[in-house]
Every structure is written in C-alpha cells, then in structure tokens.
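One-letter residues, chain by chain:
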Protein chains: 6
Amino acid sequence: MTFVTGMRIKVINPNTTASMTAMIGKCARAVAGPGVTVDAVNPRQGPAAIESHTDDALAVPGLLEEVARGEAEGYDGYVVACFGDPGLKAARELARGPVVGIAEAAMRTASYLGRGFSVVTTIARTVGHARDLTFAYGVERQCLGIHACDIPVLDLDTDPNAWTTILRTCEKALTRDHSDAIVLGCAGMADLCHDLSANLGVSVVDGVAAATTTVETLVRMRLTTGKLTEFAQPPARGLS
Amino acid sequence: MTFVTGMRIKVINPNTTASMTAMIGKCARAVAGPGVTVDAVNPRQGPAAIESHTDDALAVPGLLEEVARGEAEGYDGYVVACFGDPGLKAARELARGPVVGIAEAAMRTASYLGRGFSVVTTIARTVGHARDLTFAYGVERQCLGIHACDIPVLDLDTDPNAWTTILRTCEKALTRDHSDAIVLGCAGMADLCHDLSANLGVSVVDGVAAATTTVETLVRMRLTTGKLTEFAQPPARGLS
Amino acid sequence: MTFVTGMRIKVINPNTTASMTAMIGKCARAVAGPGVTVDAVNPRQGPAAIESHTDDALAVPGLLEEVARGEAEGYDGYVVACFGDPGLKAARELARGPVVGIAEAAMRTASYLGRGFSVVTTIARTVGHARDLTFAYGVERQCLGIHACDIPVLDLDTDPNAWTTILRTCEKALTRDHSDAIVLGCAGMADLCHDLSANLGVSVVDGVAAATTTVETLVRMRLTTGKLTEFAQPPARGLS
Amino acid sequence: MTFVTGMRIKVINPNTTASMTAMIGKCARAVAGPGVTVDAVNPRQGPAAIESHTDDALAVPGLLEEVARGEAEGYDGYVVACFGDPGLKAARELARGPVVGIAEAAMRTASYLGRGFSVVTTIARTVGHARDLTFAYGVERQCLGIHACDIPVLDLDTDPNAWTTILRTCEKALTRDHSDAIVLGCAGMADLCHDLSANLGVSVVDGVAAATTTVETLVRMRLTTGKLTEFAQPPARGLS
Amino acid sequence: MTFVTGMRIKVINPNTTASMTAMIGKCARAVAGPGVTVDAVNPRQGPAAIESHTDDALAVPGLLEEVARGEAEGYDGYVVACFGDPGLKAARELARGPVVGIAEAAMRTASYLGRGFSVVTTIARTVGHARDLTFAYGVERQCLGIHACDIPVLDLDTDPNAWTTILRTCEKALTRDHSDAIVLGCAGMADLCHDLSANLGVSVVDGVAAATTTVETLVRMRLTTGKLTEFAQPPARGLS
Amino acid sequence: MTFVTGMRIKVINPNTTASMTAMIGKCARAVAGPGVTVDAVNPRQGPAAIESHTDDALAVPGLLEEVARGEAEGYDGYVVACFGDPGLKAARELARGPVVGIAEAAMRTASYLGRGFSVVTTIARTVGHARDLTFAYGVERQCLGIHACDIPVLDLDTDPNAWTTILRTCEKALTRDHSDAIVLGCAGMADLCHDLSANLGVSVVDGVAAATTTVETLVRMRLTTGKLTEFAQPPARGLS
C-alpha cells in the first residue's frame, strides 16, 4: 500500500473563539502521526460558543463554508470540533474525503475500552442533545451517564475552580455509573485530558484527539463517505 | 376556560420559493378553526428548496430570524413547514408559544389512524433523514415504509406526470407496507392531500394541516414548550 | 375545504361513576372548538372505577356498546376517557370516525413540549400498565417517569389532601425527572389541570382535553382509522 | 421437595365453541405429566371465535369468570388457550397460582430452539396483534415473520384444503424467514402440530402444549405470580 | 401421544468443583418428573469456578466434550448449569436434543410471574455479562435490576454470613426494583431457593430447576434445536 | 505528548492456518503507521478455520494463551483477527493495553462513512452470529444487510470463482441495501479489500486494517481497557 503522502487534515472549530481554536489545534497535532499536517480554523462569523440548539444552528453555515474552502485547498479530511457534531451530515455531502465529529469519535472510541463510559460536559442544557447523539450513534447502552459541570464553555479557561469542578464531576460519574472511561463532552476540555486521566486512574477520551486520529486512519485506509445517494454532492443553488 | 381570542399562527416555509409558501398558507388556512389567523411566510434568503442536509442547514438561520421576528409580532405559535423539521429545537428555544414541525405532526397524527403508515416523499436522498425522524419521534415501528417518487420539490407543480407518479407510489406503498394511512413527505404536496385520499380510499395526512391544527389546539389548551433548561431562551450573543 | 358542520364528539368515560362523567364532559367542552358538540356518557354497567387489569377488562364491553350506539346516533368521533386506553383497538374496529384514547393523546401531545414529560397518576398498581402504554405509543424515551400519588380514583374528589398530594407529587416528578411537562395519568384529574399548571409553572397535559381536540381536528382534516384489514368492521357474531 | 399431589390445571378456551374446547383439552392432556389433571372449559357466553380486537375484548369477562370459579374449585394453575392471550393480566390478578397464555408460552418455548421462529396464523387481521405480543414478550428479534393462511378459525376443521394450505404456509415461512421452528398462531391448530412437524422436518410449537407444560412445571417449582402490587387481588366491586 | 420412556437429562456444571456438581444434581432431580433420570457431571479439566470472561471461555471446551460424550451415551437433552450460559450455542450444534442454559431458563420462567424480576448474583464483575444476557434473551425490560452480594462462588458454602447476605440483597432488590420475583444468578445458590422464597414471600427462581424442567418438557413435546443452518452439526476438524 | 516509541502490536489469528496468518500480518502491516511493529501469530492448537459456534469456542483457549504470552513479551496492544470477535472480553481481562476485534473495528469504522453498510461474509451459518454482534456493538441500524457468499474460509484462496462470487455478492448487497460501504465479514478476505473497492466504487472496510489502526491510535492516545471491575485481571486458578 502506498501511503497518502503529506496528508492534510482540517480541524474546524465551529465557534469563533480563536484561543479555543488554537488549543484545539495543539491537541489535534499532539496525536497526529508523522507526516500528517493538521490545520485548525474557525469560521469568520458565528456564535462565540455553542451552548444551545440556536448556537448550534447558527454555527453551521460558517462551518460549511470552511469545508467548501477546504475542498478547494485540497484537504484530505475534516474534523468537526464541537461535541454536538453540528452540520456533520451536510459537511459529508460537501467533502470528498472523510468528515468526523468529535462526539461520534469520542463515543465510538470509548466503546473499545470496556462496558461503558460516562460523558462529562459543560452546562446542563446541552445534556439532552448529547443523549440524542448516543441514540444516533448506537451507543445508548454504552453511555452510562451524562454529567454537567455547570461551567460555560468560555469560562473553562478563566474559572479558577474549573479544574477541580471537572475532576470532581468525573469522580462522581465513575462512582455512580460504574463506568470504564470518561468522555469529555466539550472541545474546550481537550487540554485537560491527560491530567484528568492521571488523576482519575482511568482512560479519558478527548474527542478532538479521537476524531483527528480517526480521520488520519480513514484516509490511510482510503475510506470515505459513500457518495451514491444521501451524501452525494448536493444540488448547487444560489441562495435566492 | 377563556379562549385565546384572535389566535395568530405563523407558518414558516423554510425555503424561499414564494409560490410554495402561498400554497402552504392556503392549505393551513383551510384547516384552521374559526377565529384563527394563519400567516405564511418564508425567509428572505436561503435555499429555494430543501433536498439535502446542506439545504436543511442553510435554511435554518432564515427560519430562526422569522421566529424571532414573530415573537416581536406577537404570534401565539409557529409551524415549521418542511418535512425535515429543520431548526425545530432552536425555534423552540426562541419562541414562547408552541412550535410544531410538519414531520412530527404528520407522523404523530397518523399514529391515531391504525397500526402504521407509509411515507411518500420526493427524492431518494431525503429518505435517510425521514427515517432518522421516525426514531427521534418514536414512530419507527408505526412507520412501515418510506417511498421516494423521484420528483424534485420544485418540479411538483410543473412536472405533468407528478400527480400520476405520486398516486402510483402511494398505491405501491399501501400494498407493500400493509399500511393504514399515507403521510405526505413534503410540504409541497400539501394541496394534493384530499384528491389522493379520494383516489386511494385511505386517509392521507398532510403535515401542514396536521401541524397547523396541532399548534391551534396546543395554544387553545395553553400548552407550550418547557422553559426550565434545554429550551430556555438561549444566551444572546453577537455573532462575532 | 368544507368544514364538517355540527361536528359531534362522544366522550365515553368507561367507568360508571356519573359525577366523574359530568366533570369529564365539562373539561372536554371547555376545549372544544366553536360548533363542536361534545356529549359525555358512561356505560350502564361496569366497574365504578378502573384501577386494575380486571376493572379495565370488565369496563370494555360497556364501552363498546356505547361506541356501537354512537354509530347509530351518528357521532363523528369518540374519546375513550380512561388513562389505560381500554378497548381502544376494538372501538376503532366498530367506529367509522376516529377514536382517540386519553393516554395516547396526552402522551403524544406532551411530546411537542420539549424533551420529555412525567406522568402523575393515582395508585401504584396502575404504573405498570402506563409504562406498557409508553412502549405501545413509542414515547418510552419521552416519558421520563411515572409517579403514583396513592390516591384511589374515587377519592380524588373527596380526599381533602388530594390537591396538595398531587401538587407535591408533580413537583417531585419535575425535579427528579428534569421533565418539561406533566401528564395527568387519570381522567379524574382533568379539572385540576389549569390550577396545577399555574402552581407549577410548566405545562400540564390533561388527556381529556388532548383527546377531544385531537378527535376534533382529525374530523376536521377528514382523517380516520384505516379500514383495509386489522381495523375493518369485525365479523358480526351472536354471543352464543 | 414434596411434589404437589394431584395437580389440577384448568385450560380455558376463551371462545364458546365446544368442539374446539374438546380438542384443546385433548392436546393439553397429551403432554401433561403423570398425576396432572387437565380440565378444559369455555365460557358460557361470548364470541364463538376470536378473530378481532372486539372478539378479544368480549371474550374476557367470560374467561375471568372461569378463573374466579376455578379459584373456588381449587385449581393449581390456568392456561388461557387463545393465541391473543386475552385477559392474561387480569387473570393473574384473580388467581393465586400461575396463569400462562398460549402465545407467550409458544413464543418463549420456541426461543430455546435456535435463532428464531416463524408464526403461522389464521387470518390477516390478527397479524398486527401477534406482532404486538412479540414486543410485549421481548421476542421481537426472535420472531422472524408472522404469516396468515387466510383460514378463519372455525373453518380449520371443515375446510378440506386447510391442512394443505397450512403446510404450504409453513414451508413458505421457513424458506423466507430462515427460521428454526414454526409457532402455531391459533389454539385451533393444536392437533396439527405433530403431523406438521413430521412433514416439515422442524420443530412445530403448539401453544396449548407449551402453556400446559409451563403451568405444570411452575406449580412443580412452587412459582406463582408476584402479588405485592400490580397483580395483587383487585378491589372487589359491584358492577353498578 | 407416546411419552419418551426413560427420558435421560444430562446436567453439566461447567466448572470442576465436584461438591457443587453434586448439589446441582440434587436440585435438578428434586424437580424432575417421574421417570426422568438426571445425571449431573462436570468436566475433568477447567476452572474451579466461573467468575470472569476468562473462566467462562476456559470452561467451554470441557463442557463441549461432555456434550459430545453425552451424544454417544444417548442423552435426550442437556442443561448448562452456569448462569453465564457458557458455550450454549456451540452445545446446540453438537446435540440432537434440546440444550438449555440456566440463565435463559430462569429469566424466561420469571417472565411468567408478573411485570419483572431482580437478579441476585455473586460478585460484581459478573453483572455486566448478566446484563448482556438480558438483551440476548429479550428480557431487558423484564429484568429490573441485577444485584451482586460480593460473595465468590466457592465461598457460598463456607462463608457463615452467606445466607444472611444473600437474603438481605434479595430484600433490597425487591424494594428498589419493585419486582415480582427473584432470579438466582448462580448455580451455586440453587439449594437456597426454597428457604429464600419462604423468607421473602415471593417466588424465587433457580435456573437449575427451571432449565431441568424446560428440557424435560421440550423432550416431552418432541421439540429440539433447528438443524437447518446455524445449528447444524459443525464441520468435524482435527485440532491441528 | 511523548509518542509511544517502538509501539508493538500483536495480531492474533485465532485459527491455526499459517498461510492465512501470514496474509493477515501483511495486510495489518500495510496500514500500520511509521514506527509501529506488527507481529501476526496464531495459536499452536485449535481449529483450522472458524465457521461455527463450536470452532469459535475451541479457538479461544489458544487465543488467550497468545495474549498471556504477549503480556510477557511486552506488546502494547492486540488485534483479534476473526470476524466473530471470539474471546474478546476475556482477552481484555488479560491484557494491560487495548484489545480490538476486527468485527467491532470494521463495523464502527464503517459507521463514519454514511448511513449504513452491508456485511459480505463467507458461509450462511455465520450470519446469525454477525447479526448478534451488530446488536452488541450498537450498529444494528447501521448494518443494512449481511450476505453470505457460500465460500468456506479455507477455500477463499483456492476456489477459482471466489473473487467473482464475492464481487457479485457485494454488488447485490449495495443494490438491495442502499448501503454506503461494504464490510468484509472474514479476515480471510483482507487482501481483497482494495481491488473490491476499485471495482465497486465504494469504500470497502477490512477489519484487519481497521482494528490495527484502531489499536495503534488507542495506544497513541494512551487509552486502554477500564480495569476497575469487569475487566480487572481475573483470579488466577489452576485448571484442576
């Protein structure tokens, strides 16, 4: 097999907070294999954080624009770096190469680690959507609990109690759910992954890492979205 | 009980095809009760038809703008008049009154009519999304089949064979699925509902009618979206 | 569209307690639209309350007799006003027009109001049957809890603590289940709906109202039970 | 362990066709163990056959009367000998000993015989109810198909083509469903069981036999319905 | 019907602890009908107890050897007497007569006793596998809880607190789960069944008894594993 | 992040056919990243092919011996290279690092490629077990069909029609199932993956490649089996 030479992955943070994009890019590059270039970007316009169905919906046009631009730029695959996996199916229509969301990657990856996992996320209003995703991805039995820390996404960096609160929520989740692993329910927690794992003594799955390595290996195995019907390139339309 | 006087329902066609909006408005008004005002609108900008995940995603910001404007205008409830139910959860965050999608209304309404129903829709690439909705709404066992006519949404009016093709697809669906009713899988078919029913001899459910009467009766019963957590008004953000 | 003129709905309380029938009729009329006549009746013979599988079974012959008589009387549709939805499928065989149970109507209606609802019902021995209905109607994920108040049906009117007990049970249900709405699990609670909603600050769904408006709008949309196979008029037999 | 001496099982055919009751009793006795007395009865009043939801409902009061009488007569357990398992839960409330339906017994018994089974039943309008039972009993994945022969229950004895039609339907079912066993979907087919099995070369499960041996062994193991809540003796009421 | 004369059932304890085999044999014989011979055996080599996936896997070759030998010895059917049901499908390939596991028999038997049951088992690490079995057997809704006593299998006989601990665990399970019956989650608890039932006042299902009577009645009804495809005799191979 | 230097993955073919082991090793190495050593082995004793539940069971002790030996040899992770995923949970108890089966890896990987996939496997008697795995892994909705080619495992190399038969079966599967990708249902087909994909024009997922890259990236992300309860090192026992 000839390897894809100079594989390039575009990691798209669908919110517009540049510091978060930078952190996400760093975490993605930390796990990417030799010879894989990872570029992290965010849309020019859109919500600064994604904490509601409305945020989620308003972030998607900017995300899709980045995918469309990525196709012109020649990327081999894409990561959608928000735990709600916004716009994932639309992105799969637009891209030739694979597109992976961090929620699906984190939850499927955690399924290899035992009987079940607990999700630890930011604020309570996002728990319902995460639950929906467990059904969409067929991991509803593997997902033993979804726990909110009540820390807004944009406070993860600045709240001095954030680390302790997240650690305590993870500990509580492991005890209550009898779970084998923790899944981090927000791209903004990606940089906490290894410290949490070291403190908790169990595997902690960061979706940014999981999605980046998934795209890398899909490209390596030459696997991509089926293009026969549902995910064929959509009809081009002017937006009247 | 005091009735809501002068109830006003805003029916939003999420695509930008004005002729379709007009037809949808007519069908909604045809079933609305005495004293209920129905206004049908469409976004100023967005896709002319919704036939892909990308169309669906790009239609939502315009739809949400119409809901936000509707709140200022004082509407009592909203219909999202596209069978994919785009942006439904986000719309529920923004509106005080009830918001009902035509797919959920059509499929739940059909559940009262026997053991199961068949969906007849436009083009094959939308079948997967309709299937997802049956799971989301808990009607996966009631939905006995989803059948595409292979007629694009915007050809429903102009294709001279459209009527015959749709009728034949309904007949085939009833035979294959042993179903008790037909659900029309596109707002653009709303005006065919009664003629199809007359020809087929079974109930044909149009989601525009079903959703309009559902909103009307929810308002009448003073029932609306729970606002405690997930569907609370979302954080106001500038789109940086 | 020509409206059904002088629509007549027969609401059947399957137990034989006339005071409860009167209250149910009042609640049904309170939500019925202009021009809709609602008659509430109960069988001449049968259990005074329905609080067991045996009560449920023994109530059905009287209920079906009322449906058969209703067909002769020319009713357009029927409500089965007991939260166990007894005899619903048999009633659908006998009636030309739609037949709606208050449990299915309440639970499907509540599905429009957010992610999930809690059922508050009378006595513990009925909880299992209510749970069965959530599966039958495909709302098992939407139904986040079923809570008994331990008040027998016939004491709802006379027990001086009934109101407080029901209110406290609703509060507990909302807290434990993180639900968006309450569904009242007994026709005998129909008259408490609006006061409970006012006290709780969330939507409270009464099945009598929900089923009555559902029948009204089904008739308005000319939708009725599929009569091709399972729900065709059954073979007439003498009861040897 | 002391065996129950002189165990007595009451097999109740819920329809009023005495010749069918006699045949059912014969089939039940053929499989009952030494020392087990099997009495087969039918209600004095009720439908002559059970082929609709209405038949099913109208048969239950007579069935329950037989159970109540059986309690006075001292029976150790009961079989409900109609494939729709009518009144099963109510019968469990009334009886101290175990009550087993022929559909649940046939389908659970068939689950021991491989990956899955096909049901062969009488007329098409009963297929939906049989499907419901597979979900109620948790055998929806084991039940690979339900096939109607289009022979009414009361014609099973008199239709000269009945045997051939049933045999052909079984053969078709085995081929289409890749099933490991046939389940007979009507008590009226009980006497065909061994001949069908001999002709088909696979196990054919008759619910009358399966339910009778299940009651026998439940009694032998001293196992009976839980009486703490849902299946406690119901409140005694006059039927006002 | 001619009864199988001199029916012989082989009960295989898949672990190698002879005292446990003797107790299992005694419990099986206690419920077997007149004229049924029950022989209890264990493999010559294998784990002394089955408390992990590894134990489970290593016990299977010895179990299958006992089935193969049983075929030569002319047994009519087999019980696999370990609650994990190890090697059950392979045993079905090798045997002409029926093979029943004690977990499937216990859980299906408990399904006749009301709405749901609780499993009480030995150590926590086996709970996950028991949960998997509830899904495999379609009793995931009937199984209301699985509770570990934290007593290793081989200590059931020697731990002076075993009885009290198991009794307390059963009491806790009934209260928490609102269950109608207890299922014993280990063959090593078979001899406690009747005393537990007497103390708890509910049915307690021992899988050894349930599986033995199930095999007995399957043989009596001449029902056995389907041999057309999946469970046909496997290809004979040397183990290279 | 410091990369695991000199990562070593042990790929275990659970059957004893050395030529197949060699081919599997070659396919695994073809997708492993730079610096990853892949060793392919098979047990010394066991079935030459795995085509029945009996083969599956008898292959596991040898597989586990290879895992235990691998722990002494210092491997970082393991692939179980048979599509039935035999012994996977037991292997997870024994290994410190991750263990991945080729069925779970292939099916989860295919879940990234669209709405659903078809499995193409060897002989019909293995279809049932593959279906069970789709439920165990939560991909029962994603798996749109499982198709047997009727070619025994050991004939894949020698049957001159094997290639054509497999290709035709894949084409039929894509047409019938409307699937987005093919999953190869046997390790013995691994070397056909790219040619099939080239001929079919859709992604073809080989589990050997998918599992190898999954183990590689799990190790890279420092993720491994949860060791708190179910998958803790099992009790060491002599095999008495």
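Residues numbered from 1 in each chain as written. Chains lettered and ligands numbered in written order. Predicted model: local features only at pLDDT ≥ 70, side-chain atom pairs only at ≥ 80, totals over all residues. Heavy atoms only, no water.

Draft legend 1. Here's a closer look at the overall build of chain A. Helices and strands together make up the secondary structure of chain A, namely eight helices and eight strands. The C-alpha radius of gyration computed for chain A amounts to 17 Å, which stays within 12% of the reference 18 Å derived for 240 residues, consistent with globular compactness. Looking at chain A residue by residue over its 240 residues, the buried ones come to 67%. In chain A, the share of contacts with a sequence separation of at least 24, taken over all contacts with a separation of at least 6, comes to 73%. Surface accessibility of chain A: about 7800 Å² in total, with carbon and sulfur atoms responsible for 52%. With 21 positive and 26 negative side-chain charges, chain A shows a spacing of 5 Å between the two charge centroids. (Helix = DSSP H or I, 4+ residues; strand = E, 2+ residues; numbered from the N terminus. Rg over C-alpha atoms; globule rule 2.2 N^0.38 Å. Buried < 20%, exposed > 50% of the residue type's maximum accessible area, 1.4 Å probe, protein only. Contact = heavy atoms within 4.5 Å. Areas by Shrake-Rupley, 256 points an atom, 1.4 Å probe, with all protein chains shown as cover. Lys, Arg positive; Asp, Glu negative; His and termini not counted. Charge placed at Lys NZ, Arg CZ, Asp CG, Glu CD.)

Draft legend 2. Structural detail: the interface of chain D and chain E. Residue-level contacts link 50 residues of chain D with 50 residues of chain E. Summed over both partners, the interface of chain D with chain E comes to about 4100 Å²; 55% of that surface belongs to carbon and sulfur atoms. When the buried surface of chain D facing chain E is broken down by residue, Arg108, Tyr112 and Met221 of chain D rank first, second and third, together holding 18% of it. At the boundary of chain D with chain E, the tally comes to four salt bridges. We note a salt bridge from Glu230 of chain D to Arg115 of chain E, for which the minimum N-O separation is 2.5 Å. On inspection of chain D and its partner chain E, the count reaches 14 residue pairs in polar contact (both at pLDDT 80 or more). Ranked by the residues each element gives to the side of chain D that touches chain E, the list is headed by helix H8 (residues 207-220) of chain D, at eight residues. Taken together, the residues that form the side of chain D that touches chain E break down as 24 nonpolar, 15 polar and eleven charged. (Buried area = accessible area lost by both parts, 1.4 Å probe. Salt bridge = Lys/Arg side-chain N within 4 Å of Asp/Glu carboxyl O. Polar contact = N/O pair within 3.5 Å; in protein donor to acceptor, adjacent residues only side chain to side chain. Nonpolar A, V, L, I, M, F, W, Y, C, P; charged D, E, K, R; others polar.)

Draft legend 3. Region of the structure containing the sheet that holds strand S5 (residues 117-121) of chain A. All names here are of chain A. Reading across the sheet, the four strands line up as S6-S5-S7-S8 and stay open at both edges, with parallel pairing between neighbours. Among the strands making up the open sheet, the edge pair consists of strand S6 (143-148) and strand S8 (203-205). In this sheet, adjacent strand axes meet at a mean angle of 25° when their direction is disregarded. Taken together, the three bridges between strand S7 (residues 181-184) and S8 define a ladder with parallel strand orientation. Following the sheet pairing, Ile182 is matched in S8 by Val204. (Pairing = 2+ DSSP bridges. Axes fitted to C-alpha atoms, helices over the stretch in contact; angles between N-to-C directions.)

Draft legend 4. Representation of the relation of the copies chain D and chain E in the model. Least-squares fitting of chain D to chain E yields an RMSD of 0.0 Å, with the superposition described by an axial translation of 0.0 Å and a rotation of 180°. Expressed as a symmetry operation, the mapping of one chain copy onto the other fits a two-fold axis. Looking at the rotation axis and the C-alpha trace of chain D, the residue lying nearest is Gly138 of chain D, at 2.2 Å. (Least-squares fit on C-alpha atoms with pLDDT ≥ 70 in both.)

Draft legend 5. Focus on the interface of chain F and chain A. With 50 residues of chain F at the contact, the number on the chain A side is 50 residues. Here chain F and chain A share an interface that buries about 4100 Å² over both sides, 55% of which is from carbon and sulfur atoms. It is Arg108, Tyr112 and Met221 of chain F that lose the most area in chain F upon contact with chain A, and together they represent 18% of the buried surface on that side. At the surface where chain F touches chain A, the tally comes to four salt bridges. Note that Glu216 of chain A is salt-bridged to Arg220 of chain F, the shortest N-O span being 2.8 Å. Within the side of chain F that touches chain A, the residues separate by chemical class into 24 nonpolar, 15 polar and eleven charged.

Draft legend 6. Examining the pattern of salt bridges more closely. With the rule as written, the count across this model stands at 84 salt bridges over all chains. The salt bridge partner of Glu73 of chain E is Lys10 of chain E, with a shortest N-O separation of 3.0 Å. A residue pair is termed long-range when its members are at least 10 positions apart, and Glu73 of chain E in helix H2 (residues 53-73) and Lys10 of chain E in strand S1 (residues 8-12) qualify at 63 residues. For Lys10 of chain E, a relative accessible area of 1% translates into the label buried. When salt bridges with common partners are traced through the structure, they connect Lys10, Glu65, Glu66, Arg69 and Glu73 of chain A into a single cluster.

Draft legend 7. Here's a closer look at the packing of aromatic side chains. Enumeration over the complete set of coordinates arrives at six aromatic pairs over all chains. Centroid distance Tyr75 of chain A to Tyr78 of chain A: 6.3 Å. Interplanar angle 55°. Geometry classified as tilted. Both residues of the pair, Tyr75 of chain A and Tyr78 of chain A, count as buried. The ring of Tyr75 of chain B carries Arg8 of chain B above its face, with NZ or CZ at 4.3 Å from the centroid. The ring of Tyr112 of chain B has Arg108 of chain C lying over it, and the distance from NZ or CZ to the ring centre is 4.7 Å. (Phe/Tyr/Trp six-rings, centres within 6.5 Å; stacked < 30°, edge-to-face > 60°. Lys NZ or Arg CZ within 6 Å of the ring centre and 35° of its normal.)

Draft legend 8. Structural detail: the nonpolar core. Core analysis: the biggest nonpolar cluster contains 167 residues, and Ile182 of chain B together with Ile182 of chain C have the highest contact counts within it. Not counting the four nearest positions on each side in its chain, Ile182 of chain B is found in contact with Ser118, Val120, Cys170, Ala173, Leu174, Leu200, Val202, Ser203, Val204 and Val205 of chain B. Judged by nonpolar contacts, the second largest core, of 166 residues, contains Leu133 and Val208 of chain A together with Ile151 and Ala187 of chain F. (Core = buried A, V, L, I, M, F, W, Y, C linked by side-chain atoms within 4.5 Å.)

Draft legend 9. Seen up close, unusual backbone geometry. One non-glycine residue with positive phi stands out, namely Asp150 of chain B, at about 65°. Within the secondary structure layout, Asp150 of chain B lies in the loop between strand S6 (143-148) and helix H6 (162-177). The exposed category is assigned to Asp150 of chain B, whose relative accessible area is 57%. Backbone geometry at Arg222 of chain D places phi at a positive 60°, although glycine is not the residue there. With respect to the helices and strands, Arg222 of chain D occurs in the segment after H8.

Draft legend 10. Structural detail: the relation of the copies chain F and chain A. The transformation that overlays chain F on chain A combines an axial shift of 0.0 Å with a rotation of 180°, and the residual RMSD is 0.0 Å. Comparing interface residues between copies, 100% of those in chain F also lie at the interface in chain A; the contact surface is shared.

Draft legend 11. Region of the structure containing the side chain of Thr214 of chain D. In this fold, Thr214 of chain D is placed in helix H8. For Thr214 of chain D, a relative accessible area of 10% gives the class buried.

Draft legend 12. View of the domain arrangement of chain A. Residue and element names in this part refer to chain A. Partitioning chain A into domains gives domain 1 (8-101 + 209-220) and domain 2 (104-206). Domain 1 and domain 2 are separated by 20 Å when their C-alpha centres are compared. In this complex, domain 1 contributes 25 residues to the contact, which on the side of domain 2 involves 27 residues. In total, about 1800 Å² of surface goes out of reach between domain 1 and domain 2, with carbon and sulfur atoms giving 64% of it. Here domain 1 is connected to domain 2 by one salt bridge. Measuring nitrogen to oxygen at the nearest pair gives 2.6 Å for the salt bridge that ties Arg92 to Glu104. (Domains from an automatic or database assignment.)

Draft legend 13. Representation of the packing of H6 of chain B against helix H7 (residues 193-200) of chain B in the model. Residues and elements named next belong to chain B. The interhelical angle for the contact between H6 and H7, taken along N-to-C directions, is 50°, at an axis separation of 11 Å. When the axes of H6 and H7 are compared, the pair comes out oblique. When you trace H6 past H7, the crossing you get is right-handed. Every residue of H7 that contacts H6 at Trp163, Ile166, Leu167, Cys170, Glu171 and Leu174 is listed here: Asp195, Leu196, Asn199 and Leu200. (Parallel < 35°, antiparallel > 145°, perpendicular 65-115°, else oblique. Left-handed = near helix turned anticlockwise from the far one by under 90°.)

Draft legend 14. Representation of the environment of Asp206 of chain A. Residues and elements named next belong to chain A. For Asp206, the location among the structural elements is in the loop between S8 and helix H8 (207-220). With 16 residues separating them along the chain, Asp206 and Ala190 place their C-alpha atoms 5.5 Å apart. Setting aside residues up to four positions removed in sequence, Asp206 forms contacts with Cys27, Leu184, Ala190 and Cys193. Within the local environment of Asp206, its side chain forms a polar contact with the backbone nitrogen of Val208, the two atoms lying 3.0 Å apart.

Draft legend 15. The arrangement of helix H7 (residues 193-200) of chain E in detail. Residues and elements named next belong to chain E. Turning to H7, its buried residues are Cys193, Leu196, Ser197 and Leu200. Along H7, the residues classed as buried sweep out an arc of 100° about the axis, all on the same side. Buried residues in H7 make contact with helix H6 (162-177), strand S7 (181-184) and strand S8 (203-205). One or two residues past the end of H7 sits Gly201, with phi positive at roughly 75°. (Arc of directions from axis to C-beta.)

Draft legend 16. The arrangement of the chains, seen in detail. Chain A shows no contact with chain D. Their nearest C-alpha atoms sit 17 Å apart. The two partners chain C and chain F share no contact, and the minimum distance between any of their C-alpha atoms is 17 Å.

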